[in-house]
Amino acid sequence: MRGPRPEDFETNPSTPITGQPTPTYPAGARKKGVGVRTWLVLCSRGQAQTTEVGKHAIMRRTGLPARDLRILDPLLSYPSTVLGRERAIVINLEHIKAIITAQEVLLLNSKDPSVAPFIDELQRRILCHYRATKPKEEENYEGEMDQAQGGGDGTPLLFGEQGDEAKKDAKQSLENQDGSKVLPFEFVALEACLEAASSSLESEAVRLELEAHPALDKLTSKISTLNLERVRQIKSRLVAITGRVQKVRDELEHLLDDDEDMAEMYLTEKLAQKLENSLPAESASESNRDESYLRANDDAHDLLMSTHSALSRNSRGTHTSSTRSAMTNKFDVEELEMLLEAYFVQIDGTLNKLSTLREYVDDTEDYINIMLDDKQNHLLQMGVMLTTATLVMSAFIAVAGVFGMNITIELFKDEKAGPTRFAWTVIGGFIGSIFLYVGAIGWWKQKRLLE
């Protein structure tokens, strides 16, 4: 085992030898290695256990490459992803980051408060699945023990017959006590993840909708800076959640369009098929060993055993590799397809709801722009009317300016004109200005420049 590194030590001045390194480990514990994270493991019996393991241990445990584990890294920003691999399913949906195998579920962010309800629901579903399949598995186990010892009449069963019985038991383990089919363990966990993600997005969409409608209605009634800022924040949240829902929908649509990706998620059936394929090879090697033992002496027996063992190993490896390559094409993906379609419809409904809300926001913006344009038009009309009034008043002021000049006319002579004539002149100029203004406004309306 590799010893502690030099940087893991610190100099202890109390030691007799100066500079002697002293370990700084906590009591009874080593320094945590790089890449070690806390995982919550839920087994097929519903039991939960928290463990701290490194990336390489998870890779050996699940058979996943490091590239797939980076999808679950909380320090990296990856979109929603559902990946089916040979021995595991990688789930990265919203706040759920999990790895599903045929016998257990590994959760990465189990200490997140938003994940706690999902853990309880997942544990409840796993327990229900275990209780639904437990009686059948116990009966199958007792039947296997009896059949391994001998048949009902005391006659020992052949190895091939035991393989047939084991295959029947593997099929019956997915059936309920009443004969109805039960989803495999990985599909139970996958359904819980999909339901938690879709429910989370649905609740966020509903909450945003409840906040958006009053804010938009208030903005239509009164356009103010505060109302505009609230609508801007709501629109930003709407764009963000729409992108997340769209990504989940695209991921489910991609899975539904590709039967091979869906076939990769049948972990329990792939495991059972591997065990089924291993039974004929073991039966063949066993019969060959018995036959060689009966036909030859000890030396010939050793030679035949080595030859038959080599042949059986080669035939078994070829059969297993060919089965593995064609394994994904044998599964009927209708069951998983129906499961994914149900949540695809739910996510699509959430996306349609957000699209409707987005259209309502856009309609409100259009209405606000129309209102602002109408007010701007009224302001322009008022400006035209004031400009016309100013022009008419300027004409009247020009007349008054002419009369204010130091000139000699009969109107300024008291003995001929008098104050009465001056008053009629002012009144006539004012009335003329009014007629001029009314005429100008009538001309603008005739040209449809004013309403």
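Note that the structure is a prediction, hence the values are computed from the model and not measured.

Criteria and thresholds
Residues numbered from 1 in each chain as written. Predicted model: local features only at pLDDT ≥ 70, side-chain atom pairs only at ≥ 80, totals over all residues. Heavy atoms only, no water. Helix = DSSP H or I, 4+ residues; strand = E, 2+ residues; numbered from the N terminus. Buried < 20%, exposed > 50% of the residue type's maximum accessible area, 1.4 Å probe, protein only. Contact = heavy atoms within 4.5 Å. Areas by Shrake-Rupley, 256 points an atom, 1.4 Å probe, with all protein chains shown as cover. Pairing = 2+ DSSP bridges. Axes fitted to C-alpha atoms, helices over the stretch in contact; angles between N-to-C directions. Salt bridge = Lys/Arg side-chain N within 4 Å of Asp/Glu carboxyl O. Parallel < 35°, antiparallel > 145°, perpendicular 65-115°, else oblique. Left-handed = near helix turned anticlockwise from the far one by under 90°. Nonpolar A, V, L, I, M, F, W, Y, C, P; charged D, E, K, R; others polar. UniProt positions renumbered as here; feature names shortened; annotations may be inferred. Phe/Tyr/Trp six-rings, centres within 6.5 Å; stacked < 30°, edge-to-face > 60°.

1. Focus on the overall build of the protein chain
Each helix and strand in the protein chain was counted, giving 11 helices and eight strands. Of all 451 residues assigned to the protein chain, the portion counted as buried reaches 32%. Sequence separation of 24 or more characterises 65% of the internal contacts of the protein chain that already satisfy a separation of 6 or more. Roughly 27,900 Å² of accessible area belongs to the protein chain as shown, and the carbon and sulfur atoms make up 56% of that amount.

2. Focus on the environment of leucine 255
In this structure, leucine 255 sits in helix H6 (residues 225-257). When the C-alpha positions of leucine 255 and leucine 83 are compared, they lie 9.0 Å apart, and in sequence the two are 172 residues distant. Once residues within four sequence positions are removed from consideration, leucine 255 is found in contact with Val82, Asp261, Met262, Met265 and Leu340.

3. Points about the environment of valine 239
With respect to the secondary-structure elements, valine 239 resides in helix H6. When the C-alpha positions of valine 239 and serine 355 are compared, they lie 9.9 Å apart, and in sequence the two are 116 residues distant.

4. Thoughts on the side chain of threonine 133
By the element assignment, threonine 133 lies in helix H3 (residues 116-149). Overall, the relative accessible area of 2% leaves threonine 133 in the buried class.

5. Some remarks on the sheet that holds strand S8 (residues 104-107)
As summarised here, the arrangement of the six strands in space is S4-S3-S8-S7-S6-S5, forming an open sheet in which the pairing is antiparallel. The sheet is open, and its two borders are formed by strand S4 (48-53) and strand S5 (81-84), each paired with just one other strand. Between one strand axis and the next, the sheet turns through 20° on average, direction left out of account. Most of the contacts of helix H1 (residues 55-62) go to S8, to which it runs at about 155°, and overall it touches strand S3 (37-43), S4, strand S7 (96-100) and S8. In the packing of helix H5 (residues 185-221) onto the sheet, the strands contacted are S3, S5, strand S6 (89-93), S7 and S8, and the crossing angle to S7 comes to about 170°.

6. Some details on unusual backbone geometry
With a phi angle near 55°, glutamate 94 is a residue other than glycine that sits in the positive phi range. Relative to the helices and strands, glutamate 94 is located in the loop between S6 and S7.

7. Things to note about the pairing of S5
Here S5 shows a buried face lined by Thr81 and Leu83 and a second buried face lined by Val82 and Gly84. Strand direction decides the pairing type here: S5 and S6, joined by four bridges, are antiparallel. Looking at the pairing, threonine 81 lines up with asparagine 92 of S6.

8. Topic: the pattern of salt bridges
Within the structure shown, the criterion is met by 19 salt bridges. Aspartate 68 is the partner of arginine 67 in a salt bridge, and the nearest nitrogen-oxygen pair spans 3.9 Å. Taking the relative accessible area as the measure of exposure, aspartate 68 reaches 2% and is therefore buried. Arginine 125 is the partner of glutamate 121 in a salt bridge, and the nearest nitrogen-oxygen pair spans 2.9 Å. With glutamate 121 and arginine 125 both in helix H3, this residue pair falls four residues apart, about one helical turn. Note on arginine 125: relative accessible area 16%, which makes it buried.

9. Here we look at the packing of H5 against helix H10 (residues 334-403)
Across the interface, H5 lies against H10 with an axial gap of 10 Å and an inter-helix angle of 15°. The angle between H5 and H10 places the two elements in the roughly parallel class. Once H5 is placed against H10, the crossing between them reads as left-handed. Taken together, the residues of the contact of H5 with H10 sort by class into 22 nonpolar, seven polar and seven charged.

10. Remarks on the UniProt feature "transmembrane region" (unreviewed entry) in the protein chain
The positions UniProt marks with the feature "transmembrane region" (unreviewed entry) are residues 379-402 and 422-444. With 100% helix and 0% strand, residues 379-402 has end C-alpha atoms that lie 34 Å from one another. In this annotation, residues 422-444 is assigned 100% helix and 0% strand; the end-to-end C-alpha distance for the span is 33 Å.

11. So, the pairing of S6
Here S6 lies mainly inside the structure; five of its five residues are buried. Relative to S7, S6 runs antiparallel, the two being bridged by five bridges. Note on S7: the bridge partner recorded for leucine 93 is isoleucine 96. The antiparallel hairpin formed by S6 and S7 contains two residues in its connecting segment, where glutamate 94 sits at a positive phi of about 55°.

12. Some remarks on the packing of aromatic side chains
Overall, the coordinates contain two aromatic pairs when judged by the stated rule. Relative to tyrosine 266, the ring of phenylalanine 187 has its centre 4.8 Å away and its plane inclined at 80°; by these criteria the two rings are edge-to-face. Placement of the pair is phenylalanine 187 in helix H5 and tyrosine 266 in the loop between helix H7 (259-263) and helix H8 (267-295), with a sequence separation of 79 residues. The same class applies to phenylalanine 187 as to tyrosine 266, namely buried. Ring geometry for tryptophan 443 against tryptophan 444: centres 5.1 Å apart, planes inclined by 65°, an arrangement best described as edge-to-face. Judged by its relative accessible area of 43%, tryptophan 443 falls in the partly exposed class. We classify tryptophan 444 as partly exposed; its relative accessible area is 25%.

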